[in-house]
Amino acid sequence: MNIYQITQEFLQIKELLEEEELTPELEKALVLTQENLMQKGIDYGYVIKSLEDDTKAVKQEIDRLTAIKKRLENNTERLKTTLTNAMTFFEIKKITTPTMTISVRDYPIVNILDEALIPDDYWNETVKVTRTIGKAEIKHAINEGATVEGAELIANPKLSIK
C-alpha cells in the first residue's frame, strides 16, 4: 500500500467518524492505517537518504570532471599561445600537413591606451535594476506585529531526515 492509498483510507475512516461513533473495528483500522504510514514513512526515509547520497556522489563527480575540463582548457590555451608566439617570432604564417592546417592571422582589435581620452560617443552606459521581494524583511516585520499587505506567514512543513 502506498502513501496515497494509506491517506485515502485514513480520510475514509475520518469521514465515518464524523458520521458515527468510534467502534472497535474503526479504531483497529485507524491504528493499522497509522502503523502502515509509519512503516511507509520509514521506507521513504531510507529511499530519500539513498537518493541524497547519490546526489552528493554525482555532484562530486561533476566537480571532479569540471576540474579536469578546466585543466584541459587551460592547457589548450597555453599550447595555442606558445605556438602562436613561436610562429609569430619565426614569421611563419602557415603550417600545412595532410590532416590539418595551422595558420596565424592578424585580426584587428582595439587597444585602449587611456580611457580618459575616449570621447563620450564611444562609451556605452548600461543600467540594470533588479527588484526582488525581501521575504526575510517581511517575515521579520510580521513577527514584530506589523501588517504587510499582500503577504502573510504560513506554515510550511519541511521534512528532516537525520
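Residues numbered from 1 in each chain as written. Predicted model: local features only at pLDDT ≥ 70, side-chain atom pairs only at ≥ 80, totals over all residues. Heavy atoms only, no water.

Peer 1: Mind showing me how you'd approach the overall build of the chain here?
Peer 2: In terms of regular secondary structure, the chain is built from three helices and two strands. Each helix and strand of the chain, placed in order from N terminus to C terminus, yields the pattern α-α-β-β-α. In terms of overall size, the chain is more extended than a compact globule, its C-alpha atoms giving a radius of gyration of 34 Å where 162 residues would be expected to give roughly 15 Å. When its C-alpha atoms are laid out on the principal axes, the chain stretches across 100 × 50 × 25 Å. (Helix = DSSP H or I, 4+ residues; strand = E, 2+ residues; numbered from the N terminus. Rg over C-alpha atoms; globule rule 2.2 N^0.38 Å.)

Peer 1: How should the packing of aromatic side chains be read in this particular structure?
Peer 2: Describing an aromatic ring pair means giving the distance of the ring centres and the angle of the ring planes. Considering all chains together, one arrives at one aromatic pair under this definition. With centroids separated by 5.0 Å and ring planes inclined at 90 degrees, the aromatic side chains of Phe 89 and Phe 90 adopt a geometry described as edge-to-face. By the burial criterion, Phe 89 is exposed, and Phe 90 matches it. (Phe/Tyr/Trp six-rings, centres within 6.5 Å; stacked < 30°, edge-to-face > 60°. Buried < 20%, exposed > 50% of the residue type's maximum accessible area, 1.4 Å probe, protein only.)

Peer 1: Help me understand the environment of Glu 15 in this model?
Peer 2: Looking at the element boundaries, Glu 15 is found in helix 1 (residues 3-19). Taking C-alpha positions, Glu 15 is 77 Å from Ile 109, a pair spaced 94 residues apart along the chain.

Peer 1: Is there a simple way to explain helix 3 (residues 135-143) in this structure?
Peer 2: Burial analysis of helix 3 places just zero of its nine residues in the buried class, a small minority of the element. With its phi angle positive at about 105 degrees, Gly 145 sits one or two positions after the end of helix 3.

Peer 1: Please explain the pattern of salt bridges as it appears in this structure.
Peer 2: Opposite charge on two side chains permits them to pair, given that their charged atoms come into close proximity. Summed over all chains, the structure comprises five salt bridges. One salt bridge connects Lys 59 with Asp 63, and the closest N-O pair in it is separated by 2.9 Å. Taken together, the positions of Lys 59 and Asp 63, both in helix 2 (residues 24-89) and four residues apart, correspond to about one turn of that helix. Salt-bridge contacts for Glu 73 lead to Lys 69; the nearest nitrogen and oxygen are separated by 3.4 Å. Of this pair, Glu 73 and Lys 69 both sit in helix 2, four residues apart, which is roughly one turn of the helix. (Salt bridge = Lys/Arg side-chain N within 4 Å of Asp/Glu carboxyl O.)

Peer 1: What's the story with helix 2 in this structure? I'm lost.
Peer 2: Three- or four-residue spacings in an α-helix give side chains the same orientation, since the helix completes a turn every 3.6 residues. The end-to-end C-alpha separation of helix 2 is 96 Å, in line with the 98 Å expected for 66 residues at 1.5 Å each. Considered for burial, the residues of helix 2 that qualify are Leu 26, Thr 33, Gly 45 and Met 87. Downstream of helix 2 by a residue or two, Glu 91 has a phi angle that is positive, lying close to 55 degrees. (Expected span 1.5 Å × (residues − 1).)

Peer 1: Help me understand a negative patch on the surface, please; the structure alone is not making it clear to me.
Peer 2: On the surface, a cluster of negative charge is made up of Glu 15, Glu 18, Glu 19, Glu 20 and Glu 21. Among the residues examined, Glu 21 registers a relative accessible area of 67% and is labelled exposed. (Patch = residues over 30% accessible without salt bridge, like charges linked within 9 Å, V, L, I, M, F, W, Y side chains within 5 Å. Areas by Shrake-Rupley, 256 points an atom, 1.4 Å probe, with all protein chains shown as cover. Lys, Arg positive; Asp, Glu negative; His and termini not counted. Charge placed at Lys NZ, Arg CZ, Asp CG, Glu CD.)

Peer 1: Looking at this structure, I do not really get the environment of Pro 108. What am I missing?
Peer 2: Mapping Pro 108 onto the fold places it in the loop between strand 2 (101-103) and helix 3. The class for Pro 108 is exposed, based on a relative accessible area of 79%. Pro 108 sits 19 residues away from Val 127 along the chain, and the two C-alpha atoms are 29 Å apart.

Peer 1: Honestly, the packing of helix 1 against helix 2 in this entry has me stumped. Any pointers?
Peer 2: The description of two packed helices rests on the angle between their axes and on the distance between the axes. Remark: helix 1 packs on helix 2, axes separated minimally by 10 Å, with the N-to-C direction vectors making an angle of 155 degrees. Looking at the two axes, helix 1 sits roughly antiparallel to helix 2. The two elements helix 1 and helix 2 cross, and the hand of that crossing is left-handed. Counting all contacts with helix 1, which are made through Ile 3, Ile 6, Glu 9, Phe 10, Ile 13, Leu 16 and Leu 17, the residues of helix 2 involved are Leu 26, Ala 29, Leu 30, Thr 33, Gln 34, Asn 36, Leu 37, Lys 40 and Tyr 44. Counted by class, the contact of helix 1 with helix 2 contains eleven nonpolar, three polar and two charged residues. (Axes fitted to C-alpha atoms, helices over the stretch in contact; angles between N-to-C directions. Parallel < 35°, antiparallel > 145°, perpendicular 65-115°, else oblique. Left-handed = near helix turned anticlockwise from the far one by under 90°. Contact = heavy atoms within 4.5 Å. Nonpolar A, V, L, I, M, F, W, Y, C, P; charged D, E, K, R; others polar.)

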